[in-house]
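Read off the chains here:
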Amino acid sequence: MDISALYLKIQSHLDDQLPFVVYKKSEEEKLNCFLQNDNLLYELDSYNTSGFVFAPFDNRERTILIPKEKSKFYSVSITSNNETEHGIHDRLSYSVSNSVSKENYLQLVSNSIQAIEDDFFKKVVVSRKEKVSFSNKNPLKIFQRLIKSYSSAFVYLWYHPAIGIWLGATPETLMTIREDEFSTMALAGTQPYVDSLEVKWGAKEIEEQSMVTDFVLNELSPKVDRIERSKTYTYRAGSLLHLKTDIKGVLKNKESDINDVISVIHPTPAVCGLPKERAKSFILENEYYERKYYTGFLGELLINHNGSTESNLFVNLRCMEMDDDSAILYVGGGITKDSIPEMEWEETVRKTETMKKVLY
Ligand SMILES: C=C(O[C@@H]1C=C(C(=O)O)C=C[C@H]1O)C(=O)O
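Per an unreviewed UniProt entry, the protein goes by the name isochorismate synthase and belongs to Aquimarina amphilecti. Under the heading Catalytic activity (unreviewed entry), UniProt records this for the protein: "chorismate = isochorismate". The UniProt entry for the protein carries the following text under Sequence similarities (unreviewed entry): "Belongs to the isochorismate synthase family."

Shown next as structure tokens:
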């Protein structure tokens, strides 16, 4: 099947209101797609199932699975010839309204800094949503634009009639497991990309990222042997730069439930805070909205690729929820004792650009 035929299949699945996910991993020149055969909502009850998982930030909410055995799976290479167009030039008129006002966000950041000064936690990641109204948009066209714009991201379009449409281009891997090989990353700290990766990082960013690295190494050590970490380096995600450390090792117990590993690292201090439970309860009580699937995770669970079983899970960042006439963009940032509220606001504004760029 070529890519145009796959897009037609996906479009008719969407028209028929049947669940699906289509996605591209950063290192691959192909699209993978699960088209679910029925319109039921399957909740994940065990990580020993195969399929595509879609998990919320708050693990008391339901985690959705598109089960492999209830769907057709396609993997189609993207060739430069037929990757193009699909009416990509229709311009969308749109308007933005701040669903969480700037004033509220500044207050939330100030309250977070105060809680750090009161020793309630060391770091917390707070966030907000922003609604963008428009007319005439097609989720598949937005997906195609995302693929073209963010070649180094995990780009996806996910749909379930009972939940809605989500799209994203995330720079962050939650974890990859191939047989017993395990890898993850610690990603935090943000500054705009201007024209170079040779940038200076402030003490605030260095500290907030190293908290993530230390947490991941610490939490994983009972479960993973031969842990190795890379040097911390500057990583580009679209028009933003982050600090990143790669971490890998070998699972001590190959048969252990992936859930074991997920429960210790999700949500990481890159999207929640430290200590985890305190930061999480602060977020749930103090943010002015519900994160839903933003800062949750998504991806392939126990899928056979070329003879080996893999799970490839990503943190749901730089994402949006979309309906007929609007999109809701979700953005946040890490707060430490050195945060400056106005700059934290600016950082979220820059992060909204990842999605706004493809809505123009
Ligand atoms: C929370 C987000 O991003 C996270 C927070 C970052 C930061 O605080 O600098 C950087 C990358 C991500 O780990 C987001 O994009 O919404």
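1. Considerations on the overall build of the protein
When helices and strands are tallied, the protein shows seven helices and 20 strands. Relative to a compact globule of 360 residues, whose C-alpha radius of gyration would be 21 Å, the protein shows 20 Å and is just as compact. Its C-alpha atoms put the protein at 55 × 50 × 40 Å along the principal axes. Looking at the protein residue by residue over its 360 residues, the buried ones come to 56%. Considering only residue pairs separated by 6 or more positions, the protein has 73% of its internal contacts joining residues 24 or more positions apart. With the model as given, the accessible surface of the protein reaches about 15500 Å², and the carbon-plus-sulfur share is 45%. Each charge class in the protein was averaged separately, 43 positive and 53 negative side chains, and the resulting centres sit 2 Å apart.

2. Considering the nonpolar core
Of all hydrophobic cores here, the largest spans 53 residues; its most connected members are Phe 52, Tyr 156, Trp 158, Trp 166, Met 175 and Phe 182. Residues Cys 33, Leu 146, Ala 327 and Val 358 belong to the second largest nonpolar core, which totals 35 residues.

3. Looking at the confidence of the model for the protein
The pLDDT averaged across the protein works out to 92; a share of 94% of its residues lies at or above 70. Contacts for the low-pLDDT stretch residues 81-92, under 50 throughout, to residues beyond four places or in other chains number 27 contacts. Both scores are available for the predicted complex, with the pTM at 0.95 and the ipTM at 0.98.

4. Quick word on the pattern of salt bridges
Going through the model one piece at a time under the given rule, you end up with 16 salt bridges. With a closest N to O distance of 2.8 Å, Lys 356 and Glu 130 form a salt bridge. Of this pair, Lys 356 sits in helix H7 (residues 341-359) while Glu 130 sits in strand S8 (residues 123-134), placing them 226 residues apart in sequence. Taken individually, Lys 356 and Glu 130 each receive the classification buried, so the pair is uniform in this respect. For Lys 337, the salt bridge identified is with Glu 207, shortest N-O distance 3.3 Å. One end of the pair, Lys 337, is in the loop between strand S20 (326-335) and H7; the other, Glu 207, is in helix H4 (residues 203-220), and 130 residues separate them in sequence. Residue class for Lys 337 comes out partly exposed when judged on its relative accessible area of 47%. The exposure class of Glu 207 is partly exposed, given its relative accessible area of 28%. Overlapping salt bridges bring together Lys 123, Lys 204, Glu 208 and Glu 344 as one network.

5. Here we look at the site of the ligand
Lining the immediate environment of the ligand, one finds 18 residues, of which Thr 190, Tyr 294, Arg 318, Gly 332 and Gly 334 sit closest. Contact between the ligand and Glu 172: an oxygen atom at 3.0 Å from a side-chain N or O atom of the residue. Interatomic distance of 3.0 Å between a backbone N/O atom of Leu 187 and an oxygen atom of the ligand. When the free accessible area of the ligand is taken as 390 Å², the share hidden by the protein chains comes to 100%. Counting only elements with at least two residues in the shell around the ligand, the list comes to strand S12 (181-192), S20 and H7. Here the residues of the shell around the ligand are counted per class, giving seven nonpolar, six polar and five charged.

6. Observations concerning the side chain of Thr 176
One can find Thr 176 in strand S11 (residues 173-178). The residues touching Thr 176, leaving out its near neighbours within four places in the chain, are Glu 181, Phe 182, Ser 183, Ser 311 and Asn 312.

Reading the values: the criteria
- Residues numbered from 1 in each chain as written.
- Predicted model: local features only at pLDDT ≥ 70, side-chain atom pairs only at ≥ 80, totals over all residues.
- Heavy atoms only, no water.
- UniProt positions renumbered as here; feature names shortened; annotations may be inferred.
- Helix = DSSP H or I, 4+ residues; strand = E, 2+ residues; numbered from the N terminus.
- Rg over C-alpha atoms; globule rule 2.2 N^0.38 Å.
- Buried < 20%, exposed > 50% of the residue type's maximum accessible area, 1.4 Å probe, protein only.
- Contact = heavy atoms within 4.5 Å.
- Areas by Shrake-Rupley, 256 points an atom, 1.4 Å probe, with all protein chains shown as cover.
- Lys, Arg positive; Asp, Glu negative; His and termini not counted.
- Charge placed at Lys NZ, Arg CZ, Asp CG, Glu CD.
- Core = buried A, V, L, I, M, F, W, Y, C linked by side-chain atoms within 4.5 Å.
- pLDDT = per-residue confidence, 0-100.
- Salt bridge = Lys/Arg side-chain N within 4 Å of Asp/Glu carboxyl O.
- Near = heavy atom within 4 Å.
- Polar contact = N/O pair within 3.5 Å; in protein donor to acceptor, adjacent residues only side chain to side chain.
- Nonpolar A, V, L, I, M, F, W, Y, C, P; charged D, E, K, R; others polar.

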